[in-house]
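Listed here are the chains, written in short residue letters.
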Amino acid sequence: EAVEGGAVCFKSLQFSLSRMGTVWKGESDSVRREGLQMKQKRKAVCRVLSQTEMAPGIFDMQIETDLGAQALAGQFVMVYPKAESTLLPRPISICEAEDTKLRIVYRVAGKGTEEFSGYGPGVQIALMGPLGNGLPGWEADGKRAVLLGGGIGIPPLLQLAKSLPGRQTILAGYRDHRLFLKED
């Protein structure tokens, strides 16, 4: 027996998905968005190009990989730790993506991300992605966009901001005076 509130949520989800222009072709097929064919996620061994600490506990890692060619603004990757004591991969938002490179910005929050913060150039890491639906930037065509993010939620907005045509207002909130990504 269906719960009335659940039916309303489902109808709302269907409406939201149809407004985003998303169509699913079967359970595990690719997702099609406004003529853009997204490839399925996959696991890849990649190489760290560089890593810097942007603010206390906030790291910027550049990764050489072809996963960037299929990434959309707002998607994320799973980063696999090497230590056996940290089994599960960590989800980290994609800050910027190019054909042969990904940029992730993350906050050290536990053993896994602490391990990542010690990676230097040349270190091989395993990633799975890109994952998530991404942000529907095509809905902003011909409109003024207002992007709002705070703290570690700011990095995924960078690629979206760069890809949007027209005028944008970006509102970014930080915990304290130690800003990161302000030059970007």
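Quick caveat: nothing in here was measured; it's all calculated off a predicted structure.

A. Geometry of the overall build of the protein. A count of helices and strands for the protein gives 3 helices and 11 strands. Counting from the amino terminus, the protein carries its helices and strands in the arrangement α-β-β-β-β-β-β-β-β-α-β-β-α-β. Residue pairs at least 24 apart in sequence account for 64% of intrachain contacts in the protein once pairs closer than 6 positions are excluded. For the protein, the exposed area adds up to about 11000 Å²; of that, 54% sits on carbon and sulfur atoms.

B. Region of the structure containing helix 3 (residues 155–163). With 7 of 9 residues buried, helix 3 lies mostly within the body of the structure. Within the span of helix 3, buried status applies to P155, P156, L157, L158, Q159, L160 and A161.

C. Local environment of the environment of L164. Looking at the secondary structure, you find L164 in the loop between helix 3 and strand 11 (168–173). Sequence spacing of L164 and G142 is 22 residues, and the spatial spacing of their C-alpha atoms is 9.6 Å. In this structure, L164 is in contact with G137, A140, A145 and L147, ignoring residues within four places of it in sequence.

D. Representation of the pairing of strand 9 (residues 124–131). Extensive coverage of strand 9 is indicated by the burial of 6 of its 8 residues. In the sheet, strand 4 (residues 42–55) pairs with strand 9 via 6 bridges, with the strands oriented antiparallel. Residue pairing across strands places C46 opposite I125, the latter belonging to strand 9. Taken together, the 4 bridges between strand 6 (residues 76–80) and strand 9 define a ladder with antiparallel strand orientation.

E. Fine view of the side chain of R103. As for its position among the elements, R103 is in strand 8 (residues 101–107). Accessibility expressed as a relative area gives 7% for R103, which makes it buried. Side-chain polar atoms of R103 contact the side chain of D60, separated by 2.8 Å. A polar contact of 2.7 Å, which involves the side chain of R103, links it to the side chain of E96.

F. Local environment of the pattern of salt bridges. Following the criterion strictly, the structure yields 5 salt bridges and no others. For R103, the salt bridge goes to D60, with nearest N and O atoms at 2.8 Å. Here D60 lies in strand 5 (residues 58–64) and R103 lies in strand 8, a separation of 43 residues in the sequence. Of the two residues examined, R103 and D60, each falls in the buried class. Here E96 makes a salt bridge to R103, at a shortest N to O gap of 2.7 Å.

Each value, and the rule that gives it
- Residues numbered from 1 in each chain as written.
- Predicted model: local features only at pLDDT ≥ 70, side-chain atom pairs only at ≥ 80, totals over all residues.
- Heavy atoms only, no water.
- Helix = DSSP H or I, 4+ residues; strand = E, 2+ residues; numbered from the N terminus.
- Contact = heavy atoms within 4.5 Å.
- Areas by Shrake-Rupley, 256 points an atom, 1.4 Å probe, with all protein chains shown as cover.
- Buried < 20%, exposed > 50% of the residue type's maximum accessible area, 1.4 Å probe, protein only.
- Pairing = 2+ DSSP bridges.
- Polar contact = N/O pair within 3.5 Å; in protein donor to acceptor, adjacent residues only side chain to side chain.
- Salt bridge = Lys/Arg side-chain N within 4 Å of Asp/Glu carboxyl O.

In short, shape yes, function no, at least from these values alone.
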